[in-house]
Amino acid sequence: MSVDFARRPMLVFWETTRACALACRHCRASATPGALPGELTHAEGMDLIDQVAGFGRPYPILVLTGGDCLLRPDLFSLVEHATSLGIPTALSPSVTPSLTPAAIERIAASGVRAVSISLDGATPATHEGVRGIDGLFVPTVAAIRDLAAAGLTVQVNTTVMRSTVDELADVAAIVRDAGAHIWEVFFLVQVGRGSALGELTPPENEDVCHLLYDASRHGFIVRTVEAPFFRRVVAARRAGGPASDGALYHRLSARLRELLGEPADDVRPSAHTAATRDGKGIVFVAHDGEVYPAGFLPLGLGSVREQPLAEIYRDHPQLLAIRAARFAGRCGRCEYADLCGGSRARAHAASGDVLGEDPACAYRPAFAPVPAGGHQPCS
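All of these numbers come straight from a predicted model, not from anything done at the bench. (Residues numbered from 1 in each chain as written. Predicted model: local features only at pLDDT ≥ 70, side-chain atom pairs only at ≥ 80, totals over all residues. Heavy atoms only, no water.)

## A closer look at the overall build of the chain
Check the secondary structure of the chain and you find 13 helices and 11 strands. Over its C-alpha atoms the chain spans a radius of gyration of 20 Å, differing by no more than 12% from the 21 Å that the globule rule assigns to 379 residues. C-alpha atoms of the chain, sized along the principal axes, occupy 50 × 50 × 40 Å. Considering the chain as a whole, with its 379 residues, one finds that 57% of them fall into the buried category. Sequence-distant contacts in the chain: of pairs separated by 6 or more residues, those separated by 24 or more amount to 74%. Per element, the accessible surface of the chain, about 14,900 Å² overall, is 54% carbon and sulfur. Considering the chain, the positive charge centre built from 35 side chains and the negative charge centre built from 41 side chains are found 4 Å apart. (Helix = DSSP H or I, 4+ residues; strand = E, 2+ residues; numbered from the N terminus. Rg over C-alpha atoms; globule rule 2.2 N^0.38 Å. Buried < 20%, exposed > 50% of the residue type's maximum accessible area, 1.4 Å probe, protein only. Contact = heavy atoms within 4.5 Å. Areas by Shrake-Rupley, 256 points an atom, 1.4 Å probe, with all protein chains shown as cover. Lys, Arg positive; Asp, Glu negative; His and termini not counted. Charge placed at Lys NZ, Arg CZ, Asp CG, Glu CD.)

What follows is the structure, encoded as structure tokens:
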């Protein structure tokens, strides 16, 4: 069923709590050991779920995230309410002692459609260095296997940054071998604790996108976060365009072939290419009810305590401009402005302009007219 992103998002992320036992170096939320004051109450959480249903069918997917959503005491009551309304629901728990075999059984029996687990490296040193907790790598891989064995759709989240990029092919092998169904690769945006970490250069981002396209031919879906330019790469490769000639791509693709072999000729890449972006098909509700275009874009739009989520999503001027692709610079004159549109979070982090160009993209478009009402191209 097609979705009109002007009327409803594909994904609603709700940061159910900021509480988390981990101290991840790249944490968007700068999560804390305990819940912060102002967290939505149980009654307000139930009302938020009703607001998600208020978008109408097809309902958005509701992703209950954090912090660590398992530290929300009423989590399964919230899940029960969402699933009773027919809202497809997913969880994003942290791998901590709370994710026990009993918790996995309860998740599987709750009606949750999918669960995402973060794995930021293929070695204990890399993953645990990012997550800030020793001894976490083995339980993380085990959790991926156990959740998949319980019949859940499992998504593995991996953040690309300077310290993790060389292990991407090895992470892809873990994704396949552990039975995960989706690999979602986050391209670092320097917000929260991630402000101190190293982003890749635009050519390196291009190389990683080509590597991800190759990985999508090995039996799992590949998606990106804050790298909508991946869709441009997918479109070009599907049309018969060449792979990158960058050194990073050649190194990673050789390692991918070494670990996973050559894909069969008849395997179609499973690369997610829906034309979503921050504020278009995606909306984020923080622990205190404040609404943002996405979790990595700290641009407050209003509160669900004061205004229905559907009204904020459909009518806020900033979201209308984002969905109309009224962008500056290269993004404003790019022929892929609708399919891609650049990371609005990264544009905002780099320039303070949510409609600015995405500095992480290597593509240099030919001149094209700026959308009506848009910015003038930058020189």
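## Points about the packing of helix α7 (residues 202–215) against helix α9 (residues 247–260)
At a minimum axis separation of 8 Å, α7 and α9 run at an interaxial angle of 25°. By the angle class used here, α7 and α9 are roughly parallel. Like other packed secondary-structure pairs, α7 and α9 cross with a definite hand, here right-handed. Seen from α7, the contacting residues are Glu204, Asp207, Val208, His210, Leu211, Asp214 and Ala215; seen from α9, they are Ala247, Leu248, Tyr249, Leu252, Ser253 and Leu256. In terms of residue class, the contact of α7 with α9 is made up of 8 nonpolar, 2 polar and 3 charged. (Axes fitted to C-alpha atoms, helices over the stretch in contact; angles between N-to-C directions. Parallel < 35°, antiparallel > 145°, perpendicular 65-115°, else oblique. Left-handed = near helix turned anticlockwise from the far one by under 90°. Nonpolar A, V, L, I, M, F, W, Y, C, P; charged D, E, K, R; others polar.)

## Thoughts on the confidence of the model for the chain
The pLDDT averaged across the chain works out to 91; a share of 91% of its residues lies at or above 70. Confidence drops under a pLDDT of 50 for residues 370–379, and excluding neighbours within four residues, the segment shows 23 contacts in the predicted structure. (pLDDT = per-residue confidence, 0-100.)

## Some points on the environment of methionine 10
Among the structural elements, methionine 10 can be located in the segment before β1 (11–15). With a relative accessible area of 23%, methionine 10 lands in the partly exposed category. Spatially, the C-alpha atoms of methionine 10 and glutamate 80 are 20 Å apart, while their sequence positions differ by 70 residues. Discounting residues that sit within four places of it in the chain, methionine 10 has contacts with Phe5, Pro60, Ile61, His272, Ala274, Thr276 and Gly281.

## Some points on empty space enclosed by the protein
Applying the stated criterion across every chain, the model contains 1 cavity of 30 Å³ or more. Considering only enclosed or pocket space, the largest cavity measures out at about 120 Å³ in volume. Considering the residues around the largest cavity, the lining is formed by 15 residues, among which Cys331, Cys334, Cys340, Gly342 and Cys361 are closest to the centre. Of all the elements in the fold, those that place two or more residues in the lining of the largest cavity are α8 (229–238) and α12 (329–332). When grouped by side-chain class, the residues that make up the lining of the largest cavity number 9 nonpolar, 2 polar and 4 charged. (1 Å grid on protein atoms, 1.4 Å probe; cavity = no way out; pocket = protein on both sides within 12 Å on 5 of 7 lines; lining within 4 Å. Points joined across faces, edges and corners; volume = space filled by probe spheres on them.)

## Some details on the nonpolar core
Within the largest apolar cluster, 102 residues are counted, with the highest numbers of intra-cluster contacts made by Trp183 and Leu309. Examining the composition of this core, we find that 7 residues originate from one element, helix α6 (residues 168–177), more than from any other. (Core = buried A, V, L, I, M, F, W, Y, C linked by side-chain atoms within 4.5 Å.)

## Notes on the state of the cysteines
By definition, a disulfide links the sulfur atoms of two cysteines through a covalent bond. Under the defined criterion, the tally for this structure stands at 0 disulfides. The thiol sulfur of cysteine 69 is not disulfide-bonded, and the nearest other cysteine sulfur, from cysteine 20, lies at 9.7 Å. You can see cysteine 361 has no disulfide; the closest cysteine sulfur is in cysteine 340, sitting 5.8 Å from it. (Disulfide = S-S within 2.5 Å.)

## Brief notes about the packing of helix α1 (residues 42–53) against helix α2 (residues 75–84)
The N-to-C vectors of α1 and α2 enclose an angle of 25°; their axes lie 10 Å apart at closest approach. Classified by the angle their axes make, α1 and α2 are roughly parallel. The crossing of α1 and α2 is right-handed. Of the residues in α2, those in contact with His42, Gly45, Met46, Ile49 and Asp50 of α1 are Ser77, Leu78, His81 and Ala82. Residue composition of the contact of α1 with α2, by class: 4 nonpolar, 4 polar and 1 charged.

## Examining unusual backbone geometry
In the segment running from arginine 57 into proline 58, the intervening peptide bond is cis, with an omega of 0°. Assignment of secondary structure puts proline 58 in the loop between α1 and β2 (61–65). The omega angle of the peptide bond from glycine 66 to glycine 67 is 25°, so this bond is cis rather than trans. Within the secondary structure, glycine 67 sits in the loop between β2 and α2. Residue glutamate 226 is not a glycine yet carries a positive backbone phi of 60°. Looking at where glutamate 226 falls in the secondary structure, it is placed in the loop between β7 (221–225) and α8.

## Details of the side chain of asparagine 205
When you line up the elements, asparagine 205 lands in helix α7. Dropping the residues within four chain positions of it, asparagine 205 is found in contact with Phe187, Leu200, Phe229 and Ala360.

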